[in-house]
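Breakdown of the fold
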Amino acid sequence: MKFDTPATDNPIDQLKIIGKPTDRVDGPLKTSGTAPYAYERHDVVPNQAYGYVVGSAIAKGQIASMDLKEAKAAPGVLAVVTAASAGMLGKGDFNTAKLLGGPEIQHYHQAVALVVAESFEQARSAAALVRVQYTRSKGNFDLAKSLDGAIKPPASFGAEADSRFGDFDAAFASAPVKLDARYTTPDHSHAMMEPHASIASWDGDKLTLWTSNQMIAWSVGDVAKTLGIPKEKVRLVSPYIGGGFGGKLFVRSDAILAALGAKAAGRPVKVALQRPLIINNTTHRPATIQRIRLGATTDGKLTAIGHESWSGDLKGGGPETAVGQTRLLYAAPNRMTAMRLAVLDLPEGNAMRAPGEAPGLMALEIAIDEMAEKLGIDPVAFRILNDTQVDPEKPERPFSQRRLNECLTMGAEKFGWKDRSPKPGLTRDGRWLVGTGVAAAFRNNINEKSAARVRLDRNGMVIVETDMTDIGTGSYTIIAQTAAEMLGVPLTQVEVRLGDSLFPVSAGSGGQWGANSSTAGVYAACMKLRTAIIDKLRFDPADAVFDKGKVRSRGKSIALAKAAASGEIVAEDLMEYGDLGQKFQQSTFGAHFVEAAVDAATGEIRIRRMLAVCAAGRILNPKAARSQVIGAMTMGAGAALMEELAVDKRFGFFVNHDLAGYEVPVHADIPSQEVIFLDEVDPTTSPMKAKGVGELGICGVAAAVANAVYHATGIRVRNYPVTLDKLIDKLPDVA
Amino acid sequence: MKSFTFERVDSPAAATMAFTRTPGARFIAGGTNLLDLMKLEIETPGHLIDVSRLGLDKIEPTSDGGVRIGAMVRNTDLAADARIRRDYGLIARALVAGASGQLRNKATTAGNLLQRTRCPYFYDTNQPCNKRKPGSGCAAIAGFSRNHAIVGASDACIATHPSDMAVAMQVLDAAVETVDAAGETRSIGLADLYRAPGNTPQLETVLAPGELITAVTLPKPIGGTHIYHKVRDRASYAFALISVGVVVQRDGSGRVALGGVGYKPWRARSADAELPRGAKAATAVLLADAKATHENAYKLPLVERTLASVLAQAKG
Ligand SMILES: Cc1cc2nc3c(=O)[nH]c(=O)nc-3n(C[C@H](O)[C@H](O)[C@H](O)COP(=O)(O)OP(=O)(O)OC[C@H]3O[C@@H](n4cnc5c(N)ncnc54)[C@H](O)[C@@H]3O)c2cc1C
Ligand code: SF4
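Residues numbered from 1 in each chain as written. Chains lettered and ligands numbered in written order. Predicted model: local features only at pLDDT ≥ 70, side-chain atom pairs only at ≥ 80, totals over all residues. Heavy atoms only, no water.

This paragraph deals with the overall build of chain B. The helix and strand inventory of chain B stands at twelve helices and eleven strands. Looking at chain B residue by residue over its 316 residues, the buried ones come to 58%. Sequence-distant contacts in chain B: of pairs separated by 6 or more residues, those separated by 24 or more amount to 62%. With an accessible surface of roughly 12,700 Å², chain B has 51% of that area assigned to carbon and sulfur atoms. (Helix = DSSP H or I, 4+ residues; strand = E, 2+ residues; numbered from the N terminus. Buried < 20%, exposed > 50% of the residue type's maximum accessible area, 1.4 Å probe, protein only. Contact = heavy atoms within 4.5 Å. Areas by Shrake-Rupley, 256 points an atom, 1.4 Å probe, with all protein chains shown as cover.)

Time to look at the overall build of chain A. Looking only at helices and strands, chain A has 17 helices and 30 strands in total. When the backbone C-alpha atoms are referred to their principal axes, chain A occupies close to 80 × 75 × 50 Å. Restricting the contact set of chain A to residue pairs at least 6 apart, pairs at least 24 apart contribute 81%. Just so you have it, chain A exposes about 26,000 Å², and 53% of that area is on carbon and sulfur atoms. The centroid of the 83 positive side-chain charges in chain A is displaced by 2 Å from the centroid of its 81 negative side-chain charges. (Lys, Arg positive; Asp, Glu negative; His and termini not counted. Charge placed at Lys NZ, Arg CZ, Asp CG, Glu CD.)

With that out of the way, let us pick up the sheet that holds strand 5 (residues 67-70) of chain B. Residue and element names in this part refer to chain B. With respect to topology, five strands assemble into an open sheet ordered 4-5-8-6-7, the strand pairing being antiparallel. Edge positions in the open sheet fall to strand 4 (59-61) and strand 7 (185-189), since each of these has one partner strand only. Each strand of the sheet is rotated relative to its neighbour by a mean of 25 degrees, with strand direction disregarded. In the sheet, strand 6 (residues 175-179) pairs with strand 8 (residues 212-218) via five bridges, with the strands oriented antiparallel. Residue Val-179 lies in a different strand from strand 8, and its bridge partner there is Leu-212. (Pairing = 2+ DSSP bridges. Axes fitted to C-alpha atoms, helices over the stretch in contact; angles between N-to-C directions.)

For the rest of this paragraph, the subject is the site of ligand 2. In the neighbourhood of ligand 2, 14 residues make up the surrounding shell, with B:Cys119, B:Cys129, B:Cys138, B:Cys157 and B:Ile158 lying closest. Per-class residue counts for the shell around ligand 2 are eleven nonpolar, two polar and one charged. (Near = heavy atom within 4 Å. Nonpolar A, V, L, I, M, F, W, Y, C, P; charged D, E, K, R; others polar.)

This brings us to helix 12 (residues 475-487) of chain A. Each turn of an α-helix holds 3.6 residues, which means side chains three or four residues apart point in the same direction. Residue and element names in this part refer to chain A. Spanning 13 residues, helix 12 covers 18 Å between terminal C-alpha atoms, matching the ideal 18 Å at 1.5 Å per step. By the criterion of burial, helix 12 is predominantly enclosed, with 13 of the 13 residues buried. Gly-488 sits one or two positions beyond helix 12 and adopts a positive phi of about 65 degrees. (Expected span 1.5 Å × (residues − 1).)

Quick look at helix 12 (residues 299-315) of chain B now. Residue and element names in this part refer to chain B. Here helix 12 is 17 residues long and its end C-alpha atoms lie 24 Å apart, about the 24 Å a rise of 1.5 Å per residue gives. The complete set of buried residues in helix 12 reads Lys-299, Leu-302, Val-303, Arg-305, Thr-306, Leu-307, Ala-308, Ser-309, Val-310, Leu-311 and Ala-314. For helix 12, the elements touching its buried residues are strand 9 (225-231), strand 10 (242-248), strand 11 (254-259) and helix 11 (279-286). One or two positions beyond helix 12, positive phi appears at Gly-316, with a value near 90 degrees.

Residue and element names in this part refer to chain A. Following the sequence through the fold, Met-688 ends up in the loop between strand 30 (673-677) and helix 17 (701-713). For Met-688, a relative accessible area of 0% gives the class buried. For the pair Met-688 and Ala-127, spaced 561 residues apart in sequence, the C-alpha to C-alpha distance is 51 Å. Excluding residues that lie within four positions of it along the chain, Met-688 makes contacts with Ile-12, Ile-18, Thr-482, Asn-516, Thr-519, Ala-520, Tyr-523, Arg-618 and Leu-620.

This part is about the site of ligand 1. Residues and elements named next belong to chain B. Inspection of the region around ligand 1 gives 33 residues, with Arg-26, Phe-27, Gly-31, Thr-32 and Thr-108 positioned closest. A distance of 2.6 Å is found between an oxygen atom of ligand 1 and a backbone nitrogen or oxygen belonging to Gly-31. For ligand 1, an oxygen atom lies 2.9 Å from a polar atom in the backbone of Ala-99. Taking 980 Å² as the accessible area of ligand 1 by itself, protein coverage stands at 94%. (Polar contact = N/O pair within 3.5 Å; in protein donor to acceptor, adjacent residues only side chain to side chain.)

On to the environment of A:Ile289. All names here are of chain A. Structurally, Ile-289 is set in strand 14 (residues 288-296). Distance from Ile-289 to Gly-360, taken between C-alpha atoms, is 9.8 Å for residues 71 residues apart in sequence. Setting aside anything within four residues of it in sequence, one finds Ile-289 in contact with Leu-143, Ala-144, Leu-147, Arg-182, Tyr-183, Thr-184, Glu-308, Ser-309 and Trp-310.

All right, on to the domain arrangement of chain A then. Think of interface size as the accessible area that goes away when the parts come together; that is how it is often given. All names here are of chain A. The domain architecture assigned to chain A consists of domain 1 (11-35 + 448-576) and domain 2 (399-446 + 583-730). Using C-alpha coordinates to define each centre, domain 1 is positioned 35 Å away from domain 2. On the side of domain 2, 24 residues touch domain 1, which itself brings 26 residues to the contact. For the pairing of domain 1 and domain 2, the buried interface totals around 2,000 Å² over both sides, and the portion due to carbon and sulfur atoms is 54%. Between domain 1 and domain 2 we count three salt bridges in total. (Domains from an automatic or database assignment. Buried area = accessible area lost by both parts, 1.4 Å probe. Salt bridge = Lys/Arg side-chain N within 4 Å of Asp/Glu carboxyl O.)

The next thing to look at is the nonpolar core. A:Leu294, A:Leu302 and A:Phe593 are the most contacted members of the largest nonpolar core, which has 93 residues in total. The element that contributes the greatest number of residues to this core is helix 9 (residues 357-375) of chain A, accounting for eleven residues. If we skip the residues at most four places from it in the chain, A:Phe593 touches A:Val380, A:Cys407, A:Leu408, A:Gly411, A:Ala412, A:Phe415, A:Trp417, A:Gly437, A:Val438, A:Arg609, A:Met610 and A:Leu611. In this structure, B:Ala25, B:Ile91, B:Ile150 and B:Tyr194 belong to the second largest nonpolar core, which totals 81 residues. (Core = buried A, V, L, I, M, F, W, Y, C linked by side-chain atoms within 4.5 Å.)

All right, on to the pattern of salt bridges then. All names here are of chain A. Tallied over the entire structure, the rule returns 68 salt bridges over all chains. Between Arg-650 and Asp-648 there is a salt bridge, and its shortest N-O distance comes to 2.6 Å. Relative accessible area serves as the criterion here: at 35%, Arg-650 is assigned to the partly exposed category. Its relative accessible area of 1% is what places Asp-648 among the buried residues. The network of salt bridges with shared partners includes Arg-453, Arg-455, Glu-465, Glu-495, Arg-497, Glu-568 and Glu-572.

Here is the structure:
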């Protein structure tokens, strides 16, 4: 099915099941600990051995020699895999550095060996006996010192590195009110709960990997490419994923090494990346340095917007696209954006929840707050004043839906914004300085083609199969809701099977495209199944109604089970997209409001309450969507107040590489969160009329927190995270 | 983790004897620190002696009006004990500011005092670290040192002692009772338990190999207002950037100790004497010989400001 004209009325619009707050269909499995995660799949294949990964001790250089004698002789050891023993390995399309390093070392903790043994303990103990001699080379680990050599990267995901519109330089130079400020965001780790983990099993030349992966089809391709075997010989199974946030979009060393280990040991092998390895071995959100220039008239109309961003990556990697949202968020007749990329020898950077927008808005939405203050205009009003209903760089292109102003207005109302004093540093509550902050949220909508197979079995059960993944987001549930709505059955009559490369290829989970795209694919397959059922019953397609487990037409009513009595009815289809996404700018919007308190003596920062108002098309399941947004707000609070991978610029690695050192928020950090969704449908996105929310929720949060800290203290921090050491010298004197 | 053997003993004497029999053995109590370090092969004992069932799990009055806390009293139980809460509130407050509920259920009084530093380079066996591998250098001094020591450190090591409980015990003049393999017992003031890093940061306490902590004693209660302020970026489940423990009397006199600034809880009687004159005066004494790195210099004003805030709270 091709979606190339805006959706009209369709069975989803009945909203009997779609749009209702619905408990997770996989909830009982999760809460009872019985959802089978990759490392725990003891049942899928017998005789599993254990692999333990050895990471490189240096960031850049060569392995001079490796002594495996002791490791191989250690109790229980079955095999030791290294680049030298693994044979020729390719590199996948989605990773920058090799997943098994040697002799060249490209980054710290790059895998250099896998030790396979009878037990986990034996594998871990023997791994410490792998003796590696390295020759270090000089690396480049300091982004701030690499700006001069940074290059203009090629377009990524269709976005050019630079954009220009009008005459920015002249407009900025002549603007009566100006801001020119520099902001930094640090490297971030996904820090998902479940480590990267895989079990590999060979059957002749066929490989099965039970793994934890967001993008099944991409990863089948990359496993095949890396191992040099045909795609058809690779099966990936990933039905449950304990968090990904972009860190599991790609194949990582656990999967490749499990496959190599299984080959070497001649039996199935399981590998989980140990927590202290994950941060430097896998991907992270790269740090940015951003310069923002804004020019405005004295009455608050932006006349010039300039946003430049520098980030680094390994050679061959890509930039953090932190200026993307600035091309679309506010009106101004003169604009420029630019991204520059430095080569760094730190572990490879890649997507993390709202790549580009998350760090981009961390900077931009502080800049907007600063500009509003310079102009003496309330920051909510200032944003509303500079709204645009068209793509500012291509004014002939309207937004399909853009209700940012409503998000801001409603948020201000619910949050009690009008009582806020325009001056910072005035509100005191005992020891605490209290302030409030606002920021806009913006994240583009992406549609990806997505297929599904739907079966109606003899018992009237509807079974959906697609390689879509559920990374804790609720995919199982919204797909079940979609099929139930389409076929007029209760949720209990739908079974959803996900995350297996034997199933039709879906959009997968990434870029907040999963919910709309995967359910649209299920919609297409269900449409086909409806036709097949109607044909089978020789009903009139014009008046057939699917309702209460039956099909009705011209006074006749037949149970679905009966329609399939003579054999299962199966339909498979793919949803593809025309050019609506080009004709219209499809984006999601929101407004974040935060109240924060700062200890006037110590500078400790504690969030008191958070509110998000989101406009993101049809909300398929308000309960799951709310969970997505509060999780994202929590992550945004982490980015604001504590998350930072500390770079050792001498040795070239992230030092705080475990969850004691890399702090993410705990319950005590997040006292009260509220989420409101505007009632919206967007007929240009798909028959579901939905968009994503999982990434929108993090966009802007950190800036809202930083702005609240400023409002509380009058101290502007432009370098994240906003921590007390950056406030301490400017806080009021203590008695 | 290296393979090891394990035995469980049922008396302090059996514990120290077991140690004499198997050189290179270690006592294990709650295991919440030792096992993590063994997994990373930062500690590699060949034999573990489980001392968690020695009957050292009681909190009893002493003849001089104080209290004796068995070495194996769990952190949770100590924090919840009615007498501790009433008479030594600082200890209960410091304990519940540390770790998590689950960890405190396992962690013991002795284990808490002997937990090792959280310096991230100490935890990464690829990095130079004089404490882990004497003579290899200190990666932290010119590296990521935001959480490191500002007092008592040396050119060899700037690690801090991470315990919250120990800070409170230091304020309250706690002492540690031990027994060694020969059956000799002694009592060591907490201030004297920890060794300055000097050139041998791997030697952290004055305990002899195989010397077992049997109890912590506290002198009779001193009254006053007990406040423990632990400063951290994350609201819970984070080690202190710095912490300040005070007991302040009505007349403004009192005692103070700092956590997160040195290799041991940092206290100076001469600083206590300055307390009535305020935070600035007391801090000047406590941090007289302070030496910060470019990443932890914020701790200097932070100590004074936190102490000022705590003293203001104590006044009510
Ligand atoms: C994630 C995490 C967060 C934490 N956060 C904090 C925090 O915020 N604040 C804080 O103060 N602590 C914190 N801790 C540390 C925690 O308090 C310690 O791990 C715990 O107190 C150690 O006690 P244990 O009984 O488990 O010791 P073990 O791990 O069993 O032993 C520790 C050491 O003491 C020795 N030992 C034990 N008993 C005796 C004895 N009777 N005589 C002689 N030697 C003995 C052992 O040989 C070992 O060397 C945290 C720990 C973790 C893992
Ligand atoms: S501060 Fe001490 S523990 Fe840390 S690296 Fe230096 S020597 Fe090791």
